[in-house]
Amino acid sequence: MQERLALLKKQVLAEIAAAKTPAELERLRVRYMGRKAGELTLVLRSLKGLSEEERRSVGQAANALKDELIEVLQKRRTQLETGSANEAIDLTLPGRKRFVGYRHPITLVTDRIVEIFAGMGFEEILGPEIETDWYNFEALNIPKGHPARGEMFGNFYLPGGLLLRSHTSPVQIRVMENMPPPVRVIAPGRVYRRDAFDSSHSPVFYQVEGLYVDEGVSFADLKGTLEVFSQEMFGSDIGVRFSPSYFPFTEPSAELSISCVICGGAGCKVCAHTGWVEILGCGMVHPQVLRNVGYDPDKVTGFAFGMGVERIAMIHYRIDDIRHFYSNDLRFLRQFRET
Ligand code: PHE
């Protein structure tokens, strides 16, 4: 009898462990411990024909087995219900690292640029990416037929005379139209040009625009502000150089170059052996632009500048292909946890 119980125990335990659903467990319970025809129940019932002594020992063993089986069944049921079945836990395994996202390098650099200018009193503002002809061109002193419309930008036009802005300069107009001087703003954002997608161009890229208009703002203020920016961004020993340029909305206009961060000015491939790398366009706000927004150019003057964020980021991080920024390759992106 004892042997029969031991065998039964082995069999039932194996079947409980193999059960895949609570319903299967229930069938096992009925089969072995059911009141009417459960195998264990039958064993207990058959005790009648045994001797007193045997009855006691077998009875005890059978009852103990029944209790044990009920407990094992219950455990297995919880396992199945919580989904922790069959999962051997290896406490020596290292924990799984959760992937934590971080800011994109372009966002990091944009934030850094805005932060530097915020430290000089510039307030961050945003403008729309879909613009009208007035804001993108006319008000900026780029009338219809002006060569700058065709020469400088290939544009993405939309129905209804709208277009995707080709620079962040329209934000200058929006700000000045909406508030009297003094204004001192910094405007980051996405811009669009019909450029080929190659190692240094993208049809969609980011710019940061700056504008400062007040009484008595001079070219010296422009130079000082942008020199401080360059040193904050690239290091205090960076060299800066302003050279004459042309933009319809500034007069005089200039380009700002910094000494090449790769070769320190000695000349290399990145700076085309000139020792200098151009980083932004700038100038004194054209009197006609001030007039267009209702400001009096005899009372106030100002300077403006615009820079490409990808370009700044490429110099800052020594990246040689703009396309890396848009590839979403995690091997690239994971390198930029800090600025
Ligand atoms: N908007 C010009 C560009 O996109 C840059 C610029 C801004 C130049 C402000 C002068 C003043 O190229």
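The rules behind these values
- Residues numbered from 1 in each chain as written.
- Predicted model: local features only at pLDDT ≥ 70, side-chain atom pairs only at ≥ 80, totals over all residues.
- Heavy atoms only, no water.
- Phe/Tyr/Trp six-rings, centres within 6.5 Å; stacked < 30°, edge-to-face > 60°.
- Buried < 20%, exposed > 50% of the residue type's maximum accessible area, 1.4 Å probe, protein only.
- Helix = DSSP H or I, 4+ residues; strand = E, 2+ residues; numbered from the N terminus.
- Salt bridge = Lys/Arg side-chain N within 4 Å of Asp/Glu carboxyl O.
- Pairing = 2+ DSSP bridges.
- Axes fitted to C-alpha atoms, helices over the stretch in contact; angles between N-to-C directions.
- Domains from an automatic or database assignment.
- Near = heavy atom within 4 Å.
- Polar contact = N/O pair within 3.5 Å; in protein donor to acceptor, adjacent residues only side chain to side chain.
- Areas by Shrake-Rupley, 256 points an atom, 1.4 Å probe, with all protein chains shown as cover.
- 1 Å grid on protein atoms, 1.4 Å probe; cavity = no way out; pocket = protein on both sides within 12 Å on 5 of 7 lines; lining within 4 Å.
- Sits in = over half its atoms within 2 Å of the grid points.
- Nonpolar A, V, L, I, M, F, W, Y, C, P; charged D, E, K, R; others polar.
- Core = buried A, V, L, I, M, F, W, Y, C linked by side-chain atoms within 4.5 Å.
- Contact = heavy atoms within 4.5 Å.

Peer 1: Lay out the packing of aromatic side chains with the relevant residues and their values.
Peer 2: Under the defined criterion, the tally for this structure stands at 13 aromatic pairs. Taking 5.4 Å as the distance between ring centres and 75° as the angle between the ring planes, the aromatic pair formed by F117 and F122 counts as edge-to-face. Of the two residues examined, F117 and F122, each falls in the buried class. For the ring pair Y212 and F303, a centre distance of 5.7 Å and an interplane angle of 85° mean the geometry is edge-to-face. Note that Y212 is positioned in strand 6 (residues 204-214) and F303 in strand 10 (residues 301-308), a separation of 91 residues in sequence. By the burial criterion, Y212 is buried, and F303 matches it. One aromatic cluster is present, built from ring pairs that chain together F117, F122, Y212, F229, F303 and F305.

Peer 1: Pulling in residues and values, what's your account of the pattern of salt bridges?
Peer 2: Tallying each qualifying case throughout the model produces 15 salt bridges. With a shortest N-O distance of 2.6 Å, D111 and R103 are connected by a salt bridge. Classification of D111 as partly exposed rests on a relative accessible area of 33%. Across the pair R331 and D329 runs a salt bridge, and its minimum N-O distance is 2.7 Å. The exposure class of R331 is exposed, given its relative accessible area of 70%. Sharing partners across several salt bridges, the network here consists of E26, R29 and R77.

Peer 1: Give a description of the sheet that holds strand 2 (residues 130-132) that names residues and reports values.
Peer 2: With antiparallel pairing, three strands are arranged side by side in an open sheet as 2-4-3. Each edge of the open sheet is held by one strand with a lone partner, namely strand 2 and strand 3 (156-158). Across the sheet, the axes of successive neighbouring strands diverge by a mean angle of 40°, strand direction being ignored. Of the pairings in the sheet, the one linking strand 3 to strand 4 (residues 162-164) comprises three bridges and is antiparallel in character. Looking at the pairing, L158 lines up with L162 of strand 4.

Peer 1: I'd like to hear about the domain arrangement of the protein, residue by residue, with values.
Peer 2: Splitting the protein by domain gives domain 1 (2-88) and domain 2 (105-333). Domain 1 and domain 2 are separated by 80 Å when their C-alpha centres are compared.

Peer 1: Lay out the site of the ligand with the relevant residues and their values.
Peer 2: With respect to spatial proximity, 14 residues lie near the ligand, and among them H167, S169, R193, Q207 and G306 are the closest. Contacts to the ligand include H167, whose side-chain N or O atom sits 3.1 Å from a nitrogen atom. Q207 places a side-chain nitrogen or oxygen 3.0 Å from an oxygen atom of the ligand. Taking 320 Å² as the accessible area of the ligand by itself, protein coverage stands at 93%. Applying the majority rule of atoms within 2 Å of the grid points places the ligand in the largest pocket. Sorting the residues of the shell around the ligand by element identifies strand 6, strand 9 (276-285) and strand 10 as the ones contributing at least two each. Here the shell around the ligand takes three residues from strand 10, the largest share from any one element. Its residues placed into classes, the shell around the ligand shows five nonpolar, seven polar and two charged.

Peer 1: Just give me the short version of the nonpolar core, but keep the residues and values in it.
Peer 2: With 45 residues, the main nonpolar core has I113, F117, F234, I279, F305 and M307 as its most contacted residues. Sorting the residues of this core by element identifies helix 5 (105-118), strand 6, helix 9 (219-234), strand 8 (250-259), strand 9, strand 10, helix 11 (309-317) and helix 12 (330-333) as the ones contributing at least two each. For this core, the element with the highest residue contribution is helix 5, accounting for seven residues. Other than its neighbours up to four places away in sequence, F234 contacts I258, V261, I279, I312, I315 and H316. If you look at the next biggest cluster of nonpolar residues, it comprises 25 residues, including I125, I173, L211 and V300.

Peer 1: Would you mind going over the pairing of strand 9 in detail, with residue names and values included?
Peer 2: Both faces of the sheet carry side chains from a regular strand, because those side chains alternate between them. Of all 10 residues in strand 9, eight are buried; the element is thus mostly enclosed. Direction of pairing for strand 8 relative to strand 9: antiparallel, over a ladder of eight bridges. Residue I258 lies in a different strand from strand 9, and its bridge partner there is V277. Summarising the sheet, strand 9 and strand 10 pair through five bridges and their orientation is antiparallel. In the strand pairing of strand 10, M284 is matched with F303.

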